[in-house]
Amino acid sequence: QVQLVESGGSLVQPGGSLRLSCAASGIFFSIYAMAWYRQAPGKYRELVASITDIGGTNYADSVKGRFTISRDDAKNTVYLQMNTLKPEDTAVYYCRVPTTERIYWGQGTQVTVSS
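Residues numbered from 1 in each chain as written. Predicted model: local features only at pLDDT ≥ 70, side-chain atom pairs only at ≥ 80, totals over all residues. Heavy atoms only, no water.

(A) Looking closely at the sheet that holds strand β8 (residues 77–82). One open sheet holds the 4 strands; their spatial order is β1-β3-β8-β7, and the pairing between them is antiparallel. Whereas interior strands pair on both sides, the edge strands pair on one side only; in this sheet they are β1 (3–7) and β7 (67–72). Direction aside, neighbouring strands of the sheet carry axes that sit 15 degrees apart on average. Across 6 bridges, the pairing between strand β3 (residues 18–25) and β8 is antiparallel. By the bridge assignment for β8, leucine 18 is matched with methionine 82. (Pairing = 2+ DSSP bridges. Helix = DSSP H or I, 4+ residues; strand = E, 2+ residues; numbered from the N terminus. Axes fitted to C-alpha atoms, helices over the stretch in contact; angles between N-to-C directions.)

Below, the structure is given as structure tokens:
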């Protein structure tokens, strides 16, 4: 059974930092690309960042230079380091993996940026 479990979401002040984690189980983690998405209230879910199986990365323009995606295949975990957070980063953040069988999503973790 495939499971993706996100953690690390919190309330943070503008300009602050957070690190999200997504622990995967039930898949051969190292061969899959992983991605972080987010969904703000009343908006569509959008891609934030992705990382290939060999570490190539891609970012949404809105987070370039502020967010960093990384992975630790030994821990079956993908991370999202978020710096210089802005109120518009407020959203539920989801982990995603497209396996050969289907696409899996985590349950999400809430990030709120507010003073």
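(B) Structural context of the pattern of salt bridges. Applying the stated criterion to the full structure yields 5 salt bridges. Measuring nitrogen to oxygen at the nearest pair gives 2.7 Å for the salt bridge that ties arginine 38 to glutamate 46. Exposure remark for arginine 38: the relative accessible area of 5% places this residue in the buried category. Residue class for glutamate 46 comes out partly exposed when judged on its relative accessible area of 36%. Two residues, aspartate 61 and lysine 64, come together in a salt bridge whose shortest N-O distance is 3.1 Å. Three or more residues joined by partner-sharing salt bridges are found here, namely Arg38, Glu46, Arg66 and Asp89. (Salt bridge = Lys/Arg side-chain N within 4 Å of Asp/Glu carboxyl O. Buried < 20%, exposed > 50% of the residue type's maximum accessible area, 1.4 Å probe, protein only.)

(C) Summary view of the state of the cysteines. The tally for this structure, following the rule as stated, stands at 1 disulfide. Covalent S-S linkage joins cysteine 22 and cysteine 95, the inter-sulfur distance amounting to 2.2 Å. When the S-S torsion is -80 degrees, as for the bridge of cysteine 22 with cysteine 95, the disulfide is left-handed. One end of the pair, cysteine 22, is in strand β3; the other, cysteine 95, is in strand β9 (residues 91–98), with 73 residues separating them in the sequence. The burial state of cysteine 22 is the same as that of cysteine 95; both residues are buried. (Disulfide = S-S within 2.5 Å.)

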